[in-house]
Each structure stands twice: as structure tokens, then as C-alpha cells.
Amino acid sequence: MPFDNIGRPGPGRGAGERAINLPPAVMWLIGINVAIQLLRTLLGDETDNALIQQFGLVPAAYTAANPDLLSQVAAPIAYQFLHGGWVHLVVNMVSLAAFGAPVERLLGARRFVLFYLSAGVVAGFVHVLLFSDSIDPVIGASGAISGVFGGVLMLMRYVGSLSSLLPVAAIWIGLNVFFGLAGGTPGAGGEQVAWVAHIGGFVYGLAAIRLFMPRRT
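Residues numbered from 1 in each chain as written. Predicted model: local features only at pLDDT ≥ 70, side-chain atom pairs only at ≥ 80, totals over all residues. Heavy atoms only, no water.

Visitor: Honestly, the side chain of Ser118 in this entry has me stumped. Any pointers?
Guide: Within the secondary structure, Ser118 sits in helix α5 (residues 109–130). With relative accessibility at 18%, the residue Ser118 sits in the buried group. (Helix = DSSP H or I, 4+ residues; strand = E, 2+ residues; numbered from the N terminus. Buried < 20%, exposed > 50% of the residue type's maximum accessible area, 1.4 Å probe, protein only.)

Take a look at the structure:
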């Protein structure tokens, strides 16, 4: 991406670089997600389902008469590291590598992780607010990655290269708005994608990325 070279060496760049040249926070996030998915394959179905119910983001957990405090506190972060299968995980991790790498190089590792996780939290609670009675757990990093995508668009706007991503952004926004408004409660009736959470994360990314930008001295 046009701003991906900021802060990286100029002449001779690339000589001796890793084959997969991802910044550390993105590498760690991908590694943690893959490790969790591998560990889950060792669990029985009953244990794995209990894990999803405990640490997936269940809107009704915040409206129940007898709330599960562990789930309420842990789920907004934990649900971002749980996925519905290997295809779900691979799609999200490829998206994280594509959009997250240039953003991390600009923000730095610590700011990027805070931005990424906060986007996932906001995305999750947008879903909770709109589907407060749902007992279906939401899982996956898609809300956080949607926030990173929104951040990418804003960063490209700052460097004057937004037009190259506009067609992709238009298609992405259109699909999310359509399914968010017409798709029903995610997780019910065969609908498995939390499109409304994606929209919430994306809007957060657009609005909040500037708060995480390093201050210029």
C-alpha cells in the first residue's frame, strides 16, 4: 500500500528480509489465533461447544437475570480469537495480514494492538445492542479486521491514494449494509455472519484511527 514504506529502510530494502515480512504484532496475532484453533481441534465437541458458549460473545449474557460475570468480562476480547472453522480463520488471518501490516508499521505495535482489539470490542457491542436477546454466540476476528479496514481507508485518504480502494470499499460496505439490515439475527435461521458487527467495527475504524496515530514532534 502507498503508506506501507513509511519508516522502512530505503536503498537496499528487501535484501535479507524475511520471506513473510509481517510486523511483529500482526505475526503474534495470527500465531495466537492459529494456536487456539489447533488446541480446539484436540477438544471434544461437548467441551468445545462449552468453550464457545463461555467465551463467545452472547448478547443475552448482558441482559440475563443471573449474569455470568466471567463471560461478560472475558468475552469481548476472547471472542475475537475463536473461529467457526479453518476456512473462517484463514480468511480472517489473510485479511489481517493484508490490512494490518501497513497499519501496524505506521502506528507501531502497541498502538496497533490497542486499535485492533478496541475495534473488535466496539464491533461486538454494536451487535449486542441490536440483538440484545440473542443467545447465539458471536465469534471471530471479523469485527476487529473491519475496524482495521476502515483505518486503512482513512490512512489512504491522508496520503491521497484513497481512489485505489474505493471500488473494493463500495462493494464491501454495500454487502454489509444489505446483510446487516436484511439478514436477521446472526446465528439464527442459518445466518452465521454478524454483518452488523462488521459495520460497527468499520465505522469505528474510520472514526478512531486518528486517535491512535503517533504524535509528530
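Visitor: What is the right way to look at the packing of aromatic side chains in this model?
Guide: Each aromatic ring pair is specified by the distance between its two centres and by the angle formed by the two planes. This model, assessed by the stated rule, comprises six aromatic pairs. Here the aromatic rings of Tyr62 and Phe125 are separated by 5.4 Å at their centres, their planes lie at 70°, and the arrangement is edge-to-face. In this pair, Tyr62 sits in the loop between α2 (45–55) and α3 (69–78) while Phe125 sits in helix α5, placing the two residues 63 residues apart along the sequence. What links up through ring pairs into an aromatic cluster is the set Phe99, Phe149 and Phe202. (Phe/Tyr/Trp six-rings, centres within 6.5 Å; stacked < 30°, edge-to-face > 60°.)

Visitor: I would appreciate a short explanation of α5 in the present structure.
Guide: Residues spaced three or four apart along an α-helix face the same direction, because each turn holds 3.6 residues. Relative to the 32 Å expected for 22 residues at 1.5 Å per residue, α5 spans 32 Å between its end C-alpha atoms, a close match to the ideal helical length. Within the sequence span of α5, burial applies to Phe112, Phe115, Tyr116, Leu117, Ser118, Ala119, Gly120, Ala123, Gly124, His127 and Val128. As for α5, its buried residues are in contact with α1 (24–41), α3, α4 (86–107), α6 (142–158) and α8 (195–208). (Expected span 1.5 Å × (residues − 1). Contact = heavy atoms within 4.5 Å.)

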